[in-house]
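# A closer look at the structure
Now for the letters of each chain:
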Amino acid sequence: MTTVISAGPGHEPGPARRGRVRRLLDRHWYAWAMVLPTVLVLGVLVLYPLFQGIYQSFTDLNETNNRDLICTQTLGGGEDCVPNPDRAQFVGLDNYVDLLTGERGHFWLLLVNTVVWTGACVFFHYTIGLGLAVLLNRTFRGRSLYRVLLIVPWAVPAFVSAFAWKFLFNPRFGLINSLLSNVGIDPVDWFNHRWTSMFAAIVTNVWLGVPFMMVAILGGLQSIPADLYEAAEMDGATPWQRFRHVTLPGLRPVSSTVILLGTIWTFNMFPIIFFVTGGEPAGETEILVTGAFRAAFEGLRNYSLAATYGVLILSMLVVYAAMYRRVLRSKGEVW
Amino acid sequence: MSTPVVFDAATRVYPGSTTPAVDSLDLEVRAGEFLVLVGPSGCGKSTSLRMLAGLEDVTSGAIRIGERDVTHLRPKDRDIAMVFQSYALYPHLTVGENMGFALKIAGLSKAEITARVTDAAKVLDLEPYLDRKPKALSGGQRQRVAMGRAIVREPQVFLMDEPLSNLDAKLRVSTRTQIAALQRRLGITTVYVTHDQVEAMTMGDRVAVLKDGILQQVAAPLELYDKPANAFVAGFIGSPAMNLGTFRVEDGAAVIGEARVPLPRTATAALTESEVVLGFRPEALEMVAGYAPDAFAVEVLVAEELGSEAFLYGTLEGASLRDPQLVAKVAPRSVPPKGSRVHFRILPDRMHVFSPATGEALPTA
Ligand SMILES: Nc1ncnc2c1ncn2[C@@H]1O[C@H](COP(=O)(O)OP(=O)(O)OP(=O)(O)O)[C@@H](O)[C@H]1O
Ligand SMILES: [Mg+2]
């Protein structure tokens, strides 16, 4: 505090810094003024709830203690308010400890479910999307019709598809079980086992998510110069080798983006699990977001626990995205 | 060791089009020869080359490489290498991997691939860049990688489609001599496509001129220059271009302005109309001081003085040329001023006579 190491003559830190800020403001005030509305809107809509949520995860906030004041109507028509003696308390890391040790909720079950769910969905989204995109990238009759048809799942609201698929998987009236019995396989009680139930949800979500991947990859395919394929053909590459050495590397920028996006979206894909399995059997197919929802809106509404789920989900995704980026970097991808 | 290539009435009609892009092309490329395909844009040069490469189906006719009929073979079975105009380098592979890709596909051993790639890199001055990605190279270096990718394969035939068009003018000049020298050294039969007639004249052993999918003439560069088979070739080859014009014929002489230019008897005998197309290169014009019966007057519009030579651009009085301007090569450092009126005559043995109906050259001797 007492010694200031001066970097050189005429370089006093205080005034010089203030001068620079001043100069920046002077010179760029117009730019600052232009970004201000965006900053405000983002602050109100994103940052404030985010920090609010993070704060709540360190409290014991729930529906019984969410008021700061308790107000009673007085005879004169006014209100008489006193501070709530039981209002939410700061509890430190209690929520995190409870969740991670399994004291409350089933965090680890939900995490395993989420990882299986996300991995399976993204894998099939990408591979099926890639296959369809490669097929649709050739010229054949009725190509545009197929393209439109394959985009339909995307155009239907997710919950509508979810109900439709739930009905298809219905153990007694569903089309899938009747098809199975037609080929001589015993009908499956889909929603009575953890993994068959999860399977139904994954099939539904794959059906929903493939169009996006297909369209994105189709765009990527069309950006690969045709003469690369011709050069590979001249170099003697077979169709498979051309796919390996021209198509896949050419798609890498698109693939890396859509896989990251797909992972984040699927990780947080609420409606399919909620409407198709509803957690059946007995909560064994819940994923983290549906768990957070149930904590917040079912039974005793435990907002702080839901917020804790939220913070954990956010931090996992942030870590994932950072690692993903690093891996891509090491492969020489500019990203 | 080198192999000839034969186009035998090869025709390509693109689906959905009624006129052929290449119309029954008959062309023989001799073993070890550097043949240049040249012509204006859209004349079917790339299509011809791609037919030979196997990238484009042959609608009718045949293509042979050496003894083999390759008309329906796939590109990889033809033993040819191609340099693309865009270079088509694999962006995710290094320079070395790009050059070795075909060898790797062909299943050569690692040691063999490395040896061949290093050899090619040495020839092309690419050794310092072998580990770089194409993105990190200049245009000229990329061009050399594309060449390297072709030469490591030691194919029977090289194909190049305008490989220099992405380079700047100066680099183009130096690269074109390098490519020509490299081809002479390797002795591999080469078909080279360009729309630049200077490239064609300087690089080719022989030059094939195409127009609208039809082969106009194949000949050594100088023969093409001196004895064009028709008015199109005459006007296409040479820079500045040959002066071409249609003139009336009276008593065995062409009427150019007030001048009467006698035509060779063989030409007039072959002429069926009362008009003739005359062609004369800028250097076939001689300035005459006074009056001469075969000299015509020209009004000077622009004089281009280049130091070692000079060109006059002017309008021919009393006659019309295809190109409204007439170009004449004159002695440098004593160029008549703009706006002056000078007389020229055509050196009789340097005149080209073409039929106005067919454009074919008429015999002059
Ligand atoms: N894929 C195609 N489908 C239909 N027509 C085509 C196709 N490719 C080329 N053509 C037509 O065939 C003709 C010859 O084309 P080509 O590409 O061989 O010309 P080029 O001589 O290489 O011209 P440039 O110097 O501009 O490259 C052109 O009229 C062109 O429009
Ligand atoms: Mg071309």
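- If you look chain B up in an unreviewed UniProt entry, it shows as sn-glycerol-3-phosphate ABC transporter ATP-binding protein UgpC from Nocardioides albidus.

### Side note on the overall build of chain B
- If you tally the helices and strands in chain B, you get 9 helices and 20 strands.
- Dimensions of chain B along its principal axes, counting C-alpha atoms only, are 80 × 45 × 35 Å.
- Going through the 365 residues of chain B one by one, you find that 51% of them count as buried.
- When contacts within chain B are restricted to residue pairs at least 6 apart in sequence, long-range pairs at least 24 apart make up 67% of them.
- Roughly 16,300 Å² of accessible area belongs to chain B as shown, and the carbon and sulfur atoms make up 51% of that amount.

### Structural notes on the pattern of salt bridges
- One pass over the full model with this rule turns up 17 salt bridges over all chains.
- Of the charged contacts in the structure, one is a salt bridge between A:Asp235 and B:Arg153, with a shortest N-O distance of 3.6 Å. Of the two residues, A:Asp235 sits in the loop between α8 (226–234) and α9 (239–267) while B:Arg153 sits in the loop between α4 (139–151) and β7 (157–161), which places them in two different chains.
- Each of the salt bridges in this network shares a partner with another, and the network as a whole consists of A:Glu230, B:Arg12, B:Arg50 and B:Glu56.

### Describing the confidence of the model for chain A
Residues and elements named next belong to chain A.
- For chain A, the average pLDDT comes to 83, and 94% of its residues sit at 70 or higher.
- Taken element by element, the predicted model of chain A shows its lowest mean pLDDT in strand β1 (residues 69–73) (78) and its highest in α8 (92).
- Counting contacts from residues 1–12, a segment whose pLDDT is below 50, to residues more than four positions away or on other chains yields 1 contact.

### Focus on the pairing of strand β19 (residues 341–346) of chain B
Residues and elements named next belong to chain B.
- Residue alternation in β19 divides its side chains into a buried set, Val342, Phe344 and Ile346, and an unburied set, Arg341, His343 and Arg345.
- In the sheet, strand β15 (residues 285–288) pairs with β19 via 4 bridges, with the strands oriented antiparallel. Each residue of the ladder has a partner; that of Met287, found in β19, is Phe344.
- One ladder, built from 5 bridges, connects strand β16 (residues 295–305) with β19; its direction is antiparallel. Across the sheet, the residue bridging to Glu299 is Arg341, located in β19.

### What about the interface of chain A and chain B?
- The interface is formed by 14 residues belonging to chain A together with 21 residues belonging to chain B.
- In total, chain A and chain B occlude about 1,700 Å² of area from one another, counting both sides; carbon and sulfur atoms represent 62% of this.
- Area buried by chain A at its contact with chain B is led by A:Met234, A:Asp235 and A:His245, which between them contribute 42% of it.
- Taken together, chain A and chain B are joined by 2 salt bridges.

### Quick notes on helix α7 (residues 194–222) of chain A
- End to end, α7(A) covers 41 Å across 29 residues, agreeing with the expected 42 Å (1.5 Å per residue, within 8%).
- Taking the largest bend as the criterion, α7(A) deviates by roughly 35 degrees, centred on A:Gly209, and proline A:Pro211 comes between one and four positions later.

### Description of the site of ligand 1
Residues and elements named next belong to chain B.
- Within the structure, ligand 1 sits among Tyr14, Ala21, Ser41, Gly42, Cys43, Gly44, Lys45, Ser46, Thr47 and Glu162.
- Here an oxygen atom of ligand 1 and a side-chain polar atom of Ser41 are 2.5 Å apart.
- At 2.7 Å from an oxygen atom of ligand 1 is found a side-chain nitrogen or oxygen belonging to Lys45.
- Computed on the free molecule, ligand 1 has an accessible area of 640 Å², of which 56% lies beneath the protein chains in the complex.
- When its residues are assigned to classes, the shell around ligand 1 shows 3 nonpolar, 5 polar and 2 charged.

### With respect to the nonpolar core
- Ranked by internal contacts, the top residues of the largest apolar core, which has 51 residues, are B:Phe7, B:Leu52, B:Ile63, B:Met82, B:Tyr90, B:Leu159 and B:Val191.
- Here this core takes 5 residues from α7(A), the largest share from any one element.
- Setting aside anything within four residues of it in sequence, one finds B:Leu52 in contact with B:Val5, B:Phe7, B:Ile63, B:Ile65, B:Arg78, B:Ile80, B:Leu159 and B:Val191.

### Some words on the UniProt feature "domain: ABC transporter" (unreviewed entry) in chain B
- Mapped onto this numbering, the UniProt entry annotates "domain: ABC transporter" (unreviewed entry) at residues 5–237 of chain B.
- Overall, residues 5–237 of chain B shows 36% helix and 24% strand. The separation of its end C-alpha atoms is 24 Å.

### Here's the deal with helix α5 (residues 158–168) of chain A
All names here are of chain A.
- Buried within α5 are the following residues: Ser161, Ala162 and Trp165. The buried residues of α5 occupy one face: seen down the axis, they fall within an arc of 105 degrees.
- Those residues of α5 that are buried lie in contact with α6 (175–182), α7 and α10 (270–277).

### Things to note about unusual backbone geometry
Residues and elements named next belong to chain B.
- Residue Pro240 is bonded to the preceding Ser239 through a cis peptide linkage, with omega at -5 degrees.
- A positive phi angle is found at Ser24, which is not glycine, with a value near 40 degrees.
- In this structure, Asp125 takes a positive phi of about 60 degrees despite not being glycine.
- Of note, Asp125 is situated in the loop between α3 (110–123) and α4.

### Section: the sheet that holds strand β4 (residues 60–65) of chain B
Residues and elements named next belong to chain B.
- Overall, antiparallel pairing links the 4 strands, which are arranged β2-β1-β4-β5 in an open sheet. Two strands bound the open sheet, and with one partner strand each, they are β2 (22–29) and β5 (68–69).
- Against the sheet, helix α1 (residues 45–53) makes contact with β1 (5–12), β2 and β4, and its axis sits at roughly 115 degrees relative to β1, the strand it touches most.

### A closer look at the packing of aromatic side chains
Residues and elements named next belong to chain A.
- The final tally for this structure, using the stated rule, is 23 aromatic pairs over all chains.
- Ring centres 6.5 Å apart and planes at 55 degrees place the aromatic pair Phe159 and Phe275 in the tilted group. Of this pair, Phe159 sits in helix α5 while Phe275 sits in helix α10; the two residues are 116 residues apart in sequence, bridging distant segments of the chain.
- For Phe159, a relative accessible area of 44% gives the class partly exposed.
- A relative accessible area of 26% means that Phe275 is categorised as partly exposed.
- Each ring, one from Tyr320 and one from Tyr324, has its centre 5.7 Å from the other, and the planes form 35 degrees; the classification is tilted. With Tyr320 and Tyr324 both in helix α12 (residues 303–330) and 4 residues apart, the pair spans about one turn of that helix.
- With relative accessibility at 16%, the residue Tyr324 sits in the buried group.

The rules behind these values
Residues numbered from 1 in each chain as written. Chains lettered and ligands numbered in written order. Predicted model: local features only at pLDDT ≥ 70, side-chain atom pairs only at ≥ 80, totals over all residues. Heavy atoms only, no water. Helix = DSSP H or I, 4+ residues; strand = E, 2+ residues; numbered from the N terminus. Buried < 20%, exposed > 50% of the residue type's maximum accessible area, 1.4 Å probe, protein only. Contact = heavy atoms within 4.5 Å. Areas by Shrake-Rupley, 256 points an atom, 1.4 Å probe, with all protein chains shown as cover. Salt bridge = Lys/Arg side-chain N within 4 Å of Asp/Glu carboxyl O. pLDDT = per-residue confidence, 0-100. Pairing = 2+ DSSP bridges. Buried area = accessible area lost by both parts, 1.4 Å probe. Expected span 1.5 Å × (residues − 1). Bend = angle between axes of the 7 residues up to and from the residue. Near = heavy atom within 4 Å. Polar contact = N/O pair within 3.5 Å; in protein donor to acceptor, adjacent residues only side chain to side chain. Nonpolar A, V, L, I, M, F, W, Y, C, P; charged D, E, K, R; others polar. Core = buried A, V, L, I, M, F, W, Y, C linked by side-chain atoms within 4.5 Å. UniProt positions renumbered as here; feature names shortened; annotations may be inferred. Arc of directions from axis to C-beta. Axes fitted to C-alpha atoms, helices over the stretch in contact; angles between N-to-C directions. Phe/Tyr/Trp six-rings, centres within 6.5 Å; stacked < 30°, edge-to-face > 60°.

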